[in-house]
Amino acid sequence: MLACLLGSACIGSSAGADEAVVAAGRIKADQVCSNCHGLDGLTSSGGNSALTPILTAQSRRYLLAKMKAYRDGGIEHAQMTLIARMISEQDIKRVIAWYASVPFKISEIPIRIGELGPVEVCAGCHGLDGQASEPDNPDPIPSLTAQQKEYLVMRLKEYRSGRRKHEQMSAIAQSLSDQDIEAAAAWYSSIGLKVLRPK
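Source: prediction; values computed, not measured.

**Considerations on the overall build of the protein**
Along its length, the protein carries 10 helices and three strands. When its helices and strands are written in sequence order, the protein yields α-β-α-α-α-α-α-β-α-α-α-α-β. Per-residue burial for the protein yields a buried fraction of 45% across its 199 residues. A separation threshold of at least 6 residues defines the contact pool for the protein, and within that pool the share at least 24 residues apart is 68%. Accessible surface, the protein as shown: approximately 10800 Å² in total, 53% of it carbon and sulfur.

In structure tokens form, the structure reads like this:
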């Protein structure tokens, strides 16, 4: 989506979800997820922590992989593991269909040569606009568009310390200084993201 950065804003959402599934997912998300993540996925519109990730602009494939990891113990998180095990697999798919269907708009991002720094390391997988390119990747890649800075810093430092493990991310994070991590997190968190609400 480089064209979005250099020219006009771009619009997107994850397509292909059945309307009834999405509608059911919206109801369940409102009941279970919205207090932390916001009903539209923007943590700032309903969330309660700078360390809570926004879900807007994430792919259905990535969200499903994360929920399965929480449910099966691949990722340790007291609250998310409880939620992932509390609701049915069908409801997990419905909630994910809802969040992946939320339409969004990415604002223009000015790019000046010499100011990307560590972002260039991230952009190969996550894109300069934060939109991951993953059609042939067996491991779903998260989008970083407008993701909360504190959350990104926390995750990168967890990969660097070994608290959270991922073959590629752990190796990359170990090569980054605190300043690099702050710069990359600041870049992606500064990208403008707006949910396109129905008229």
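**Quick notes on the packing of helix H7 (residues 119–126) against helix H10 (residues 178–189)**
For any two helices packed against each other, the geometry comes down to the angle between their axes and how far apart the axes lie. Between H7 and H10, whose axes approach to 9 Å, the crossing angle comes to 50 degrees. Between H7 and H10, the angle is such that the two are oblique. Within the contact between the two elements, H7 uses Val119, Cys122, Ala123 and His126 and H10 uses Ala183, Ala184, Trp187 and Tyr188. Among the residues making up the contact of H7 with H10, the classes are represented as seven nonpolar, one polar and no charged.

**Observations concerning the side chain of Asp40**
Within the secondary structure, Asp40 is located in the loop between helix H3 (34–37) and helix H4 (60–72). Among the residues examined, Asp40 registers a relative accessible area of 7% and is labelled buried. Among the polar contacts made by the side chain of Asp40, one reaches the main-chain amide nitrogen of Leu42 at a distance of 3.1 Å.

**A word on the pattern of salt bridges**
Under the definition given, this model contains 10 salt bridges. Two residues, Glu89 and Arg71, come together in a salt bridge whose shortest N-O distance is 4.0 Å. In this pair, Glu89 sits in helix H6 (residues 89–101) while Arg71 sits in helix H4, placing the two residues 18 residues apart along the sequence. Residue classification places Arg71 among the partly exposed positions, given a relative accessible area of 23%. Via salt bridges that share partners, Arg71, Asp72, Glu89 and Lys93 belong to a single interconnected network.

**Description of the nonpolar core**
As a rule of thumb, soluble globular proteins bury nonpolar side chains together. In terms of nonpolar packing, the biggest core is built from 50 residues, with Met67, Tyr99, Trp187, Tyr188 and Leu193 touching the most fellow members. No other element matches the six residues that H6 contributes to this core. Setting aside its immediate chain neighbours within four residues, Leu193 contacts Leu42, Ile54, Thr56, Phe104, Lys105, Ile106, Thr145 and Ala146.

What counts and what doesn't
Residues numbered from 1 in each chain as written. Predicted model: local features only at pLDDT ≥ 70, side-chain atom pairs only at ≥ 80, totals over all residues. Heavy atoms only, no water. Helix = DSSP H or I, 4+ residues; strand = E, 2+ residues; numbered from the N terminus. Buried < 20%, exposed > 50% of the residue type's maximum accessible area, 1.4 Å probe, protein only. Contact = heavy atoms within 4.5 Å. Areas by Shrake-Rupley, 256 points an atom, 1.4 Å probe, with all protein chains shown as cover. Axes fitted to C-alpha atoms, helices over the stretch in contact; angles between N-to-C directions. Parallel < 35°, antiparallel > 145°, perpendicular 65-115°, else oblique. Nonpolar A, V, L, I, M, F, W, Y, C, P; charged D, E, K, R; others polar. Polar contact = N/O pair within 3.5 Å; in protein donor to acceptor, adjacent residues only side chain to side chain. Salt bridge = Lys/Arg side-chain N within 4 Å of Asp/Glu carboxyl O. Core = buried A, V, L, I, M, F, W, Y, C linked by side-chain atoms within 4.5 Å.

Note that all results are geometric; they support no functional claim without further evidence.
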